[in-house]
Amino acid sequence: MVFFYQKNGQTFNSWDGQFSSLKPMYENIELNEMQSYNIFSGKFGDLTGNFKLYYGYKANGYKHDMFISYNRTSDISFSIVK
């Protein structure tokens, strides 16, 4: 089973897979060579399984409004087991 989620502020919301409905986690930031962000803090509760994390950004000034650069080929994979 596959679910898609996006983090918007402090919560994770289900995502329909459409780029047009993506909401930014952060807005109006200047990208540096290296960035550090807290993606999750807390407890996973009863959540178990295999996960893949993707991240991306949309830069201002592109001709195509839907151009998003993301880590498609280098996801961050992890598992949570009990």
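The rules behind the values
Residues numbered from 1 in each chain as written. Predicted model: local features only at pLDDT ≥ 70, side-chain atom pairs only at ≥ 80, totals over all residues. Heavy atoms only, no water. Helix = DSSP H or I, 4+ residues; strand = E, 2+ residues; numbered from the N terminus. Buried < 20%, exposed > 50% of the residue type's maximum accessible area, 1.4 Å probe, protein only. Areas by Shrake-Rupley, 256 points an atom, 1.4 Å probe, with all protein chains shown as cover. Salt bridge = Lys/Arg side-chain N within 4 Å of Asp/Glu carboxyl O. Phe/Tyr/Trp six-rings, centres within 6.5 Å; stacked < 30°, edge-to-face > 60°. pLDDT = per-residue confidence, 0-100. Contact = heavy atoms within 4.5 Å.

**Q** An account of the overall build of the protein is needed here, citing residue identities and associated values.
**A** Helix and strand content of the protein: 0 helices and 6 strands. Listed N to C, the secondary structure of the protein is β-β-β-β-β-β in terms of helices and strands. Every one of the 82 residues in the protein was classed for burial, and the buried ones make up 6%. Of the roughly 7,700 Å² of accessible surface on the protein, a fraction of 52% belongs to carbon and sulfur atoms.

**Q** So what's going on with the pattern of salt bridges? Which residues, and what values?
**A** Tallied over the entire structure, the rule returns 1 salt bridge. Where Lys82 meets Asp46, a salt bridge forms, and the shortest distance between an N and an O atom there is 4.0 Å. Of this pair, Lys82 sits in the segment after strand E6 (76-80) while Asp46 sits in the loop between strand E2 (11-14) and strand E3 (49-53); the two residues are 36 residues apart in sequence, bridging distant segments of the chain.

**Q** Let's hear about the packing of aromatic side chains: which residues, and what values?
**A** Per the counting criterion, the structure on display carries 1 aromatic pair. Ring centres of Phe51 and Phe78 lie 5.3 Å apart, and the angle between their planes is 20°; this geometry places the pair in the stacked category. In this pair, Phe51 is assigned in strand E3 and Phe78 in strand E6, connecting sequence segments 27 residues apart. Judged by relative accessible area, which is 24%, Phe51 ranks as partly exposed. According to the relative accessible area criterion, Phe78 is partly exposed, its value standing at 35%.

**Q** Any chance you could break down the confidence of the model for the protein for me, citing the residues and the numbers?
**A** Low-confidence regions, as indicated by low pLDDT, have predicted coordinates that should not be scrutinised in detail. This prediction gives the protein a mean pLDDT of 78; 85% of its residues lie at or above 70. Here strand E1 (residues 5-8) stands out as the least confident element of the protein, with mean pLDDT 71; E6 is the most confident, with 90.

**Q** How would you sum up the environment of Tyr54? Please name residues and give values.
**A** Counting through the fold element by element, Tyr54 comes out in the loop between E3 and strand E4 (56-57). For the pair Tyr54 and Thr73, spaced 19 residues apart in the sequence, the C-alpha separation amounts to 9.3 Å. Leave out the neighbours within four places in its chain, and Tyr54 touches Tyr70, Asn71, Arg72 and Asp75.

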